[in-house]
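Summary of the model geometry
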Amino acid sequence: MKDKIVVALGGNALGKTPKEQHELVKGTAVPIVDLIAAGHEVVLAHGNGPQVGMINLAMETASVSDAGTPEMPFPECGAMSQGYIGYHLQNAIREELLNRGMDVPVATVVTQVIVDKNDPAFTNPTKPIGSFYSKEEADELSAKKGYNMVEDAGRGYRRVVPSPRPIDVAEKATVKALVDNNHVVITVGGGGIPVVKEGNKLVGVPAVIDKDFASAKIAEILDADYLIILTAVEKVAINFGKENEKWLSKLDFAETEQYIKEGHFAPGSMLPKIEAALGFAKSKSGRKSLITSLEKAKEGIEGITGTLITQ
Ligand code: ADP
Ligand code: MG
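Here we summarise the structure given alongside this text.

So, how was this worked out
- Residues numbered from 1 in each chain as written.
- Chains lettered and ligands numbered in written order.
- Predicted model: local features only at pLDDT ≥ 70, side-chain atom pairs only at ≥ 80, totals over all residues.
- Heavy atoms only, no water.
- 1 Å grid on protein atoms, 1.4 Å probe; cavity = no way out; pocket = protein on both sides within 12 Å on 5 of 7 lines; lining within 4 Å.
- Points joined across faces, edges and corners; volume = space filled by probe spheres on them.
- Helix = DSSP H or I, 4+ residues; strand = E, 2+ residues; numbered from the N terminus.
- Nonpolar A, V, L, I, M, F, W, Y, C, P; charged D, E, K, R; others polar.
- Near = heavy atom within 4 Å.
- Polar contact = N/O pair within 3.5 Å; in protein donor to acceptor, adjacent residues only side chain to side chain.
- Areas by Shrake-Rupley, 256 points an atom, 1.4 Å probe, with all protein chains shown as cover.
- Expected span 1.5 Å × (residues − 1).
- Pairing = 2+ DSSP bridges.
- Axes fitted to C-alpha atoms, helices over the stretch in contact; angles between N-to-C directions.
- Contact = heavy atoms within 4.5 Å.

Right, let's get into the layout of surface pockets. By volume, the second largest pocket amounts to about 290 Å³. For the lining of the second largest pocket, the element with the most residues is helix α8 (residues 270-283), which contributes 3 residues. Its residues placed into classes, the lining of the second largest pocket shows 7 nonpolar, 4 polar and 5 charged.

On to the site of ligand 1. Around ligand 1 sit 18 residues in total, of which Gly 11, Lys 211, Thr 231, Ala 237 and Lys 273 are the nearest. Note that an oxygen atom of ligand 1 is positioned 2.7 Å from one of the backbone N or O atoms of Gly 11. At 2.6 Å from an oxygen atom of ligand 1 is found a side-chain nitrogen or oxygen belonging to Thr 231. Considering ligand 1 on its own, with 580 Å² of exposed area, one finds that the protein chains cover 87% of that surface. The set of elements that each furnish at least two residues to the shell around ligand 1 consists of β13 (236-238) and α8. In terms of residue class, the shell around ligand 1 is built from 8 nonpolar, 6 polar and 4 charged.

With 26 residues, helix α3 (residues 74-99) should cover 38 Å at 1.5 Å per step; its first-to-last C-alpha distance of 38 Å lies within 8% of that length. Looking one or two residues past α3, Gly 101 carries a phi angle of roughly 75°, positive in sign.

Here we have 3 strands laid out as an open sheet, ordered β5-β7-β6, and antiparallel in their pairing. Here the strands that pair on one side only, and so sit at the sheet edges, are β5 (127-133) and β6 (148-151). Strand-to-strand twist of the sheet, defined as the mean angle between neighbouring strand axes without regard to direction, takes the value 40°. Bridge count between β5 and strand β7 (residues 157-161): 4 bridges; the pairing is antiparallel. Residue Tyr 133 lies in a different strand from β7, and its bridge partner there is Tyr 157. Of the strands in this sheet, β5, β6 and β7 are in contact with helix α4 (residues 135-145), which crosses β5 at around 125°.

Right, here's the structure in full:
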């Protein structure tokens, strides 16, 4: 069966530096083009935590140290990250398609995602962005720059910013028109540029929408069949990292809700994936979500591995 698939790419699909990303996306393009070659309609979304953190820190450092560099507002940093990540992805996917004799147009849409200005996330920042730091470095950054720093899933300290929920996608009609005309579209990059509605204005806000929720939102809007979240782990686990860790192949709605309640999924990393995957699968009968690794994407879609969330 040919499906409409929204694929959400995690940090490991893009790496940590522009140079690393340029190399990595060549590999990232392979499972994406596998899906297109199999006849599926593919829409791509991706994260931008490390990238937007890097751009923001670089612009901020430059604006204090060098008189000529202006301050770059955070939403603009998000837009910059959509631009260069989209550029790398569309460049690599185009090449992979051409190498297989497929002439399919690929384009990135700079995408604004509407959030609620009263979202409680604005008073409780949770989204990790940028690099990982030691405790000492983290303390220094929060003293110097006023960043909120938290420990991220046992991997070190990171800056956190508000992560409001996506309500709607401003460019949805454009994305839909392109998808309906067989274009491969890269959209809601980094979860989208977060904007709030003020009359006819869309005003950018300093936050990062979780790309997992934004991907689920655009998947619903496009009436997709399948949401595939590609990350660093092949499957989702309960008791993750503990002696009694258990990797899961299939989850129904009740089990997923139970495991969320029991706290098996780390906030800011696996929890948003699970919630987004569950939300999309529940949104209409027949929809399903898969969480697996980039390397195992092909086997995941064939039902061989990954964690499938469905009724
Ligand atoms: P991405 O960049 O793909 O969004 P994240 O780092 O945000 O990736 O989330 C994936 C990470 O979540 C995994 O690499 C793993 O370390 C962590 N994780 C937390 N809880 C779980 C769990 N219950 N099962 C699997 N992985 C988990
Ligand atoms: Mg993440």
